[in-house]
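Each chain, written out:
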Amino acid sequence: MKWNKFRIKTTTEAEDLICSSLMELGIQGVELEDKIPLTQSDKEQMFVDIMPEIDVDDGVAYINFYLEEDEDKGAVLAAVREELEDIAVYANVGEASIEESQTEDVDWVNNWKQYFHQFTIDDVLIIPSWEDVQPEDEDKMIIHIDPGTAFGTGMHETTQLCIRQIKKYVTPDTVILDVGCGSGILGMLALKFGAKYSVGTDLDPCAIDATHENMEVNGISGEQYEVMIGNIIDNTEVQDKVGYEKYDIVVANILADVLVPLTPVILAQLKPGGIYITSGIIDDKEQTVVDAVLKAGLTVLEVHHQGEWVSVTARK
Ligand SMILES: C[S@@+](CC[C@H](N)C(=O)[O-])C[C@H]1O[C@@H](n2cnc3c(N)ncnc32)[C@H](O)[C@@H]1O
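Residues numbered from 1 in each chain as written. Predicted model: local features only at pLDDT ≥ 70, side-chain atom pairs only at ≥ 80, totals over all residues. Heavy atoms only, no water.

## Observations regarding the site of the ligand
Then comes step 1: Near the ligand, the surroundings consist of 19 residues, among which Thr159, Gly180, Asp202, Asn231 and Asn253 are the closest.
Then comes step 2: At a separation of 2.8 Å, a nitrogen atom of the ligand approaches a polar backbone atom of Gly180.
Then comes step 3: A distance of 2.6 Å separates an oxygen atom of the ligand from a polar side-chain atom of Asp202.
Then comes step 4: Burial of the ligand by the protein chains amounts to 95% of its free accessible area of 600 Å².
Then comes step 5: In terms of residue class, the shell around the ligand is made up of 10 nonpolar, seven polar and two charged. (Near = heavy atom within 4 Å. Polar contact = N/O pair within 3.5 Å; in protein donor to acceptor, adjacent residues only side chain to side chain. Areas by Shrake-Rupley, 256 points an atom, 1.4 Å probe, with all protein chains shown as cover. Nonpolar A, V, L, I, M, F, W, Y, C, P; charged D, E, K, R; others polar.)

And the structure:
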């Protein structure tokens, strides 16, 4: 199916007002293009630590929206133009021109799958749920994964750094906390390496379904793990539910700027002697995380690098 794409040229001042008017008209899923840098909270949610170069904000913004080919675009465009005129009375909407084009229907949710194929991390074969295991790989530890829209195929360097550290420190008595579990890959591998129990947390609701699905596909029963939504950094309900001095290992593959406030919280969740594995650290933030770990009173055991990413492992 083809879609009609509309591009409104406006100002950064008016973009929020126009977006909410479009939503009131029933237009869902608008795209914004402007030169305003991401906020700290945007970056944390999007797992972005290296910002692309953007030009200086010139106040111009573009708002894209899409209508199905058979929708009455004349009526919708008339309503949009009316809204733009109303907003122009009290805000600078700039040019407020609307450019029209057509676009192919692309399956954005599933399109990335063509780039995700089976691969190995040491002796672990990670295989997407839509591929088959080759006979020569049947002796490997096999993990089937479909991250859905959650993060965590295992292909990212930061995940691989965590997997190696988990394998090193897991014992049959290990209870592990996986903060920012995404697809559930780290907790799941810990259980496959022999851990007793895994608790995962994430801010992203997609992570909950993805973790349940991946655990099930890999034959892990609901008695071996739990997963919860919420921000352990500032939500005491989540902290209480996760439990204190309970974990032999806490793993967190999140950005350095999140690891810094997370570390003192994690200290309370770790058993004395417990291991804290951090990753997701871009190389120029290595010292920031090491400092946060030391400040919390942990002892740094190991620092590993892969590409431009760093993992710091410490002991309580
Ligand atoms: C890089 S992904 C890691 C996913 C998976 N653990 C892995 O290693 O592949 C980071 C995850 O942390 C989550 N996240 C970010 N801040 C968080 C917080 N304060 N508490 C819990 N999860 C958080 C994100 O939603 C995302 O799913």
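Still more to cover.
## Some points on helix H10 (residues 286-295)
Then comes step 1: All of the buried residues in H10 are Val289, Val290, Ala292 and Val293. Burial along H10 is one-sided: seen end-on, the buried residues are contained in an arc of 160°.
Then comes step 2: Among the structural elements, helix H9 (256-269), strand S12 (270-282), strand S13 (299-306) and strand S14 (309-315) are those in contact with the buried residues of H10.
Then comes step 3: Just downstream of H10, Gly297 is the residue with a positive phi angle, here 90°. (Buried < 20%, exposed > 50% of the residue type's maximum accessible area, 1.4 Å probe, protein only. Helix = DSSP H or I, 4+ residues; strand = E, 2+ residues; numbered from the N terminus. Arc of directions from axis to C-beta. Contact = heavy atoms within 4.5 Å.)

## Examining the pairing of strand S1 (residues 2-11)
Then comes step 1: Alignment of S1 against strand S4 (residues 97-104), held across eight bridges, turns out to be antiparallel. Residue pairing in the sheet places Trp3 in a bridge with Thr103 of S4.
Then comes step 2: In this structure, S1 lies alongside strand S3 (residues 60-68), joined through nine bridges in antiparallel fashion. The residue of S3 that forms the bridge with Lys5 is Tyr66. (Pairing = 2+ DSSP bridges.)

## Quick word on the packing of aromatic side chains
Each aromatic ring pair is summarised here by two numbers: the centre-to-centre distance and the angle between the ring planes.
Then comes step 1: Tallied over the full model, the rule gives one aromatic pair.
Then comes step 2: On the numbers, 5.2 Å between centres and 25° between planes, the contact of Phe6 with Phe65 is stacked. Pair noted here: Phe6 is in strand S1 and Phe65 is in strand S3, with a separation of 59 residues, a long-range link. Here the two residues Phe6 and Phe65 agree in accessibility, since each one is buried.
Then comes step 3: Here the basic side chain of Arg7 rests over the ring of Tyr62, its NZ or CZ set 3.9 Å away from the ring centre. (Phe/Tyr/Trp six-rings, centres within 6.5 Å; stacked < 30°, edge-to-face > 60°. Lys NZ or Arg CZ within 6 Å of the ring centre and 35° of its normal.)

## Here we look at the domain arrangement of the chain
Then comes step 1: Partitioning the chain into domains gives domain 1 (2-105) and domain 2 (151-315).
Then comes step 2: On a C-alpha basis, the centroid separation for the pair domain 1 and domain 2 is 37 Å. (Domains from an automatic or database assignment.)

## Topic: a negative patch on the surface
Then comes step 1: On the surface, Glu68, Glu69, Asp70, Glu71 and Asp72 cluster together into a patch of negative charge.
Then comes step 2: Assignment of secondary structure puts Asp70 in the loop between S3 and helix H3 (73-88).
Then comes step 3: Judged by relative accessible area, which is 67%, Asp70 ranks as exposed. (Patch = residues over 30% accessible without salt bridge, like charges linked within 9 Å, V, L, I, M, F, W, Y side chains within 5 Å. Salt bridge = Lys/Arg side-chain N within 4 Å of Asp/Glu carboxyl O. Lys, Arg positive; Asp, Glu negative; His and termini not counted. Charge placed at Lys NZ, Arg CZ, Asp CG, Glu CD.)

## Some thoughts on the packing of helix H1 (residues 12-24) against H3
Then comes step 1: Packing of H1 against H3 brings their axes to within 10 Å, and their N-to-C directions diverge by 145°. Taken as a pair, H1 and H3 cross one another with a handedness that is right-handed. Judged by residue contacts, Leu17, Ile18, Ser21 and Leu22 of H1 engage Val80, Glu83, Leu84 and Ile87 from H3.
Then comes step 2: Residues of the contact of H1 with H3, tallied by class, amount to six nonpolar, one polar and one charged. (Axes fitted to C-alpha atoms, helices over the stretch in contact; angles between N-to-C directions. Left-handed = near helix turned anticlockwise from the far one by under 90°.)

## Re the sheet that holds strand S7 (residues 141-145)
Then comes step 1: Spatial strand order, S5-S6-S7: three strands in an open sheet with mixed pairing. Only two strands of the sheet have a single neighbouring strand rather than two, namely strand S5 (119-121) and S7. Each strand of the sheet is rotated relative to its neighbour by a mean of 30°, with strand direction disregarded.
Then comes step 2: This element, helix H6 (residues 185-192), spans strand S6 (124-128) and S7 of the sheet and lies at about 155° to S7.

## Notes on the confidence of the model for the chain
Do not read the predicted coordinates in detail wherever pLDDT is low.
Then comes step 1: Overall, the prediction assigns the chain a mean pLDDT of 90, with 91% of residues at 70 or greater.
Then comes step 2: At the low end of the mean pLDDT range in the chain sits helix H4 (residues 108-111), at 64; at the high end sits strand S8 (residues 175-179), at 98. (pLDDT = per-residue confidence, 0-100.)

## With respect to the sheet that holds S1
Then comes step 1: Pairing is antiparallel across the open sheet formed by four strands, whose spatial order is S2-S3-S1-S4. Looking at the sheet topology across the chains shown, the edges are occupied by strand S2 (31-33) and S4. Taken over all neighbouring pairs, the strand axes of this sheet differ in orientation by 25° on average, direction set aside.
Then comes step 2: Running at roughly 145° to S4, H3 makes contact with S1, S3 and S4 of the sheet.

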